[in-house]
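Listed below, chain by chain, are the residues.
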Amino acid sequence: MGEPLRGQPAVDRLLKLLDLEQLEVGYFRGVSPEVTLQRVFGGQVAGQALVAASRTVSVERSVHSLHGYFIRPGDPAVPILYTVEPVRDGRSFTTRRVTAIQHGKAIFFMSASFQVAEDGFEHQSEVPDVVPPDELPPVWEIVREKMPADAAWNVMDHPIDLRYVGVPGWVNPGERPQSDRQQVWMRIDGKLPDDAALHACALTYASDLTLLDATLAVHGATWREVSSASLDHAVWFHRPFRADEWFLYDCQSPSTSGGRGLAAGRFFSADGTHIATVLQEGLIRRAR
């Protein structure tokens, strides 16, 4: 696999992925990249669902939270239908419920809340002190060295530049030290339009890429030792940001049990601003 290039082709593919076709009021259709994955990437479904919800909300209202459940594996060979239910339009908040459907069945559903801009108290978490992204290798160098050619990372589209601060889960069993944190620098691999809703959707897409890896890092385990799937996903957006500029994904895992792992992540922009918080529980089973 050649080194992915930072530039327009990658970001154009992401923009096409997030540009849903409107079929009717409250009905949208999305497609998947032409890759050979067995199921649709969860971040894609969540990001497209947020696009669908955002298309039904006034631009003066920005998304501040979303909560979703992955119900069934998505089929990458067929389009996904997104239905949007206008639950409430209040003076300050707007609520939408989105269902993603394939083959006549729900594969994902999400509630999202939007708010008009307001002033209030301000405080935030302290940003971790980590190595800057320019001093770290792209994840593709690690993938090319450690993973087989038909691994998911090698066949997926790569619209996001990833730089791991520590050792990622894409190494051989036994090569990863135990760590209570999983930290990754990210940015969309190209320039995005000046559309706050689009940046929120792109961040939602990225938020599912590395979060569950924190559940393995605690044990020094790798992805070759488990079978996994996202079960639910929640994002809270705190402050304005650009998803095409560097942001740090600082992740920890409070608990793993019953074949499930819980991971919590904080997004910080390069200037230390806490821009979003994510929680996700996933299926983490030892591979047989």
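Each remark here, short or long, concerns the structure printed above.
S.K.: Would you mind showing me how to read helix H2 (residues 42-54) here?
M.R.: Helical geometry note: an α-helix holds 3.6 residues per turn, so side chains three or four residues apart project in the same direction. Compared with the 18 Å implied by 1.5 Å per residue over 13 residues, the 18 Å span of H2 between its first and last C-alpha is a close match. Within H2, 13 of the 13 residues are buried, which leaves it mostly tucked inside the rest of the structure.

S.K.: Would you explain helix H5 (residues 196-207) in this entry?
M.R.: When the terminal C-alpha atoms of H5 are compared, their 16 Å separation across twelve residues agrees well with the 16 Å that a helix rising 1.5 Å per residue should span. Along H5, ten of the twelve residues are buried, which leaves the element largely enclosed by surrounding structure. Those residues of H5 lying buried are Leu 198, His 199, Ala 200, Cys 201, Ala 202, Leu 203, Thr 204, Tyr 205, Ala 206 and Ser 207. Capping the start of H5 is the job of one residue whose side-chain oxygen sits 3.1 Å from the backbone nitrogen of Ala 197: Asp 195.

S.K.: Explain the sheet that holds strand E12 (residues 274-286) here, please?
M.R.: The pairing of strands in a sheet comes from backbone hydrogen bonds and takes either a parallel or an antiparallel form. In spatial order, the strands read E1-E2-E4-E5-E6-E3-E9-E12-E11-E10-E8-E7; together these twelve strands make up an open sheet with antiparallel pairing. Edge positions in the sheet fall to strand E1 (21-24) and strand E7 (160-164), since each of these pairs with one other strand and no more. If you compare each strand with its neighbour and ignore which way they point, the axes differ by 25° on average. One ladder, built from nine bridges, connects strand E10 (residues 247-257) with strand E11 (residues 260-269); its direction is antiparallel. Across the sheet, residue Asp 250 finds its bridge partner in E11, namely Arg 266. Sheet strands in contact with H2 are strand E2 (27-30), strand E3 (61-70), strand E4 (80-89), strand E5 (93-102), strand E6 (105-116) and strand E9 (226-237), and its direction is about 50° off that of E6. Most of the contacts of H5 go to E9, to which it runs at about 150°, and overall it touches E3, E7, strand E8 (182-188), E9, E10, E11 and E12.

S.K.: Whenever I open this one, the pattern of salt bridges confuses me. Can you help?
M.R.: When the charged atoms of two side chains lie near each other, side chains of opposite charge can form a pair. Applying the stated criterion across every chain, the model contains 13 salt bridges. Note that Arg 176 and Asp 213 form a salt bridge whose closest N and O atoms lie 2.9 Å from each other. Of the two residues, Arg 176 is situated in the loop between E7 and E8 and Asp 213 in helix H6 (residues 213-217); the sequence distance between them amounts to 37 residues. Here the two residues Arg 176 and Asp 213 agree in accessibility, since each one is buried. Counted as one network, the salt bridges with shared partners bring together Asp 161, Arg 163 and Arg 187.

Cut-offs and rules
- Residues numbered from 1 in each chain as written.
- Predicted model: local features only at pLDDT ≥ 70, side-chain atom pairs only at ≥ 80, totals over all residues.
- Heavy atoms only, no water.
- Helix = DSSP H or I, 4+ residues; strand = E, 2+ residues; numbered from the N terminus.
- Expected span 1.5 Å × (residues − 1).
- Buried < 20%, exposed > 50% of the residue type's maximum accessible area, 1.4 Å probe, protein only.
- Polar contact = N/O pair within 3.5 Å; in protein donor to acceptor, adjacent residues only side chain to side chain.
- Pairing = 2+ DSSP bridges.
- Axes fitted to C-alpha atoms, helices over the stretch in contact; angles between N-to-C directions.
- Contact = heavy atoms within 4.5 Å.
- Salt bridge = Lys/Arg side-chain N within 4 Å of Asp/Glu carboxyl O.

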